[in-house]
Amino acid sequence: MKPPPFGYRAPETLGEALDALAEAGADGKVLAGGQSLIPLLNMRLAAPPWLIDINRVAELDTLSVMPETREGAVAPESPGGGAAAAGVRVGALVRHARVERSDAAARIQPLLRQALRYVAHPVVRNRGTVVGSLAHADPAAELPAVLALLGGTVDVASAQARRTIPASEFFAGPLESALRPGELAVSAFFPALPPHAGTAFAEVARRHGDYAMAGVAGVVVLDDDLRVISARAGYLSVAATPLVLDLTGAVGHRPPGSCDWAAAAAYAKDQVDPEADIHAGTEYRRHLVGILTERVLRIAATDAVQEVSHD
């Protein structure tokens, strides 16, 4: 299978890339890892007149972790709040595999490694990019759900301006992001966990590496007395965009061992209305939401207890 004809630009600096995108406008597509774009081209599901290949823009190939340990990390500030939170900043050319193998990134934000292990197969993770996955905005992908759950952001730039888009506004619909013509997603920021927090990720697919029929990322936070003060989950493959639910009210301010995790799972099932497709029906996806929510929250709570014991 061969792609339709297209023009090709290979800028070597960010400025050149933004100028090329400005010239292409709505007719331009960015090529980074290409793990989603190239199959779309080959199947003639996309036919952009211009491809802007950013693989030579070295300044986009950066992975920053601040700080490099969980100690001293702070919770993300609310919009308009105070100083920037600690976390992991991933440039537009950073491959899945690089983030997955980064011990520093896993220490400050373990959900990244936990989720990336479910992304396709190693050969795809060696080429695919984290920011590219976010820009593709597939509601069945793992990283959009993680970014949404953590309250992360995407930094975008054009030849005229730069802006930062919260995850809650970045995913506009299936395969649709808030990127405008001429804009490039240059980096994504995954905030660090607050103290006494635990995480977990799980999904169900017909085969490992296939798109999930349902998937859940979870974060549970405890206070100094080992009582749950926050239980939240992010979902993939159950809505048109990544879905985030606050399940704290369903489990109450109790120690993890006495929390009613099944009640949280039941609440989550009531909040989702997934569509049926060739992979799974509505009721089966809803059933998976319940099973995975309870499993993930239990594991995350156990992880949080262990974090407290290590402090």
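Residues numbered from 1 in each chain as written. Predicted model: local features only at pLDDT ≥ 70, side-chain atom pairs only at ≥ 80, totals over all residues. Heavy atoms only, no water.

Trainee: Help me understand the overall build of the protein in this model?
Mentor: Of regular secondary structure, the protein possesses 12 helices and 14 strands. The globule rule puts the C-alpha radius of gyration for 311 residues at 19 Å, and the 20 Å found for the protein is close to it. Counting only C-alpha atoms and orienting by the principal axes, one finds that the protein spans roughly 60 × 45 × 35 Å. Taken over 311 residues, the protein has a buried fraction of 53%. (Helix = DSSP H or I, 4+ residues; strand = E, 2+ residues; numbered from the N terminus. Rg over C-alpha atoms; globule rule 2.2 N^0.38 Å. Buried < 20%, exposed > 50% of the residue type's maximum accessible area, 1.4 Å probe, protein only.)

Trainee: Before we go on, may I ask you to explain the side chain of Glu142 in this structure?
Mentor: Structurally, Glu142 is set in helix 8 (residues 142-150). As a buried residue without a salt bridge, Glu142 has its nearest oppositely charged side chain in Arg125, at a separation of 8.3 Å. Residues within four places of Glu142 in sequence aside, it is in contact with Ala115, Tyr118, Val119, Phe201, Glu203 and Leu236. (Lys, Arg positive; Asp, Glu negative; His and termini not counted. Salt bridge = Lys/Arg side-chain N within 4 Å of Asp/Glu carboxyl O. Contact = heavy atoms within 4.5 Å.)

Trainee: Would you explain the sheet that holds strand 14 (residues 243-246) in this entry?
Mentor: Adjacent strands of a sheet pair through backbone hydrogen bonds, lying either parallel or antiparallel. In spatial order, the strands read 11-12-13-14; together these 4 strands make up an open sheet with antiparallel pairing. Looking along the sheet, the strands with just one partner apiece sit at the ends: strand 11 (197-204) and strand 14. Strand-to-strand, the axes of this sheet are offset by a mean angle of 15°, without reference to chain direction. Here strand 11 runs beside strand 12 (residues 214-222); their pairing, made up of 8 bridges, is antiparallel. The partner of Thr199 across the bridge, within strand 12, is Val219. Most of the contacts of helix 11 (residues 261-271) go to strand 14, to which it runs at about 140°, and overall it touches strand 12, strand 13 (228-236) and strand 14. (Pairing = 2+ DSSP bridges. Axes fitted to C-alpha atoms, helices over the stretch in contact; angles between N-to-C directions.)

Trainee: Would you take a moment to explain the pairing of strand 4 (residues 63-66) for this structure?
Mentor: Residues Leu63 and Val65 point to one face of strand 4 and are all buried, whereas Ser64 and Met66, pointing to the other face, are not buried. Pairing geometry for strand 4 and strand 5 (residues 87-91), over 4 bridges, is antiparallel. When the bridges of strand 5 are listed, Leu63 appears paired with Val90.

Trainee: Explain the nonpolar core here, please?
Mentor: Most often, soluble globular proteins have nonpolar side chains that are buried together. Counting 59 residues, the largest nonpolar core has Ile54, Leu60, Leu134 and Phe190 as its most contacted members. Here this core takes 6 residues from helix 8, the largest share from any one element. Not counting residues within four places of it along the chain, the set of residues in contact with Leu60 comprises Leu14, Ile54, Gly91, Ala92, Leu93, Val94, Leu184 and Val186. Counting 30 residues, the second-largest nonpolar core is a separate cluster that includes Ala231, Ala233, Leu245 and Ala280. (Core = buried A, V, L, I, M, F, W, Y, C linked by side-chain atoms within 4.5 Å.)

Trainee: Quick question: what am I supposed to make of the side chain of Arg286 here?
Mentor: As for its placement among the helices and strands, Arg286 is situated in helix 12 (residues 282-310). When near neighbours in sequence (up to four residues on either side) are disregarded, Arg286 contacts Lys269, Val272, Asp273 and Pro274.

The values are spatial; any link to function lies outside them.
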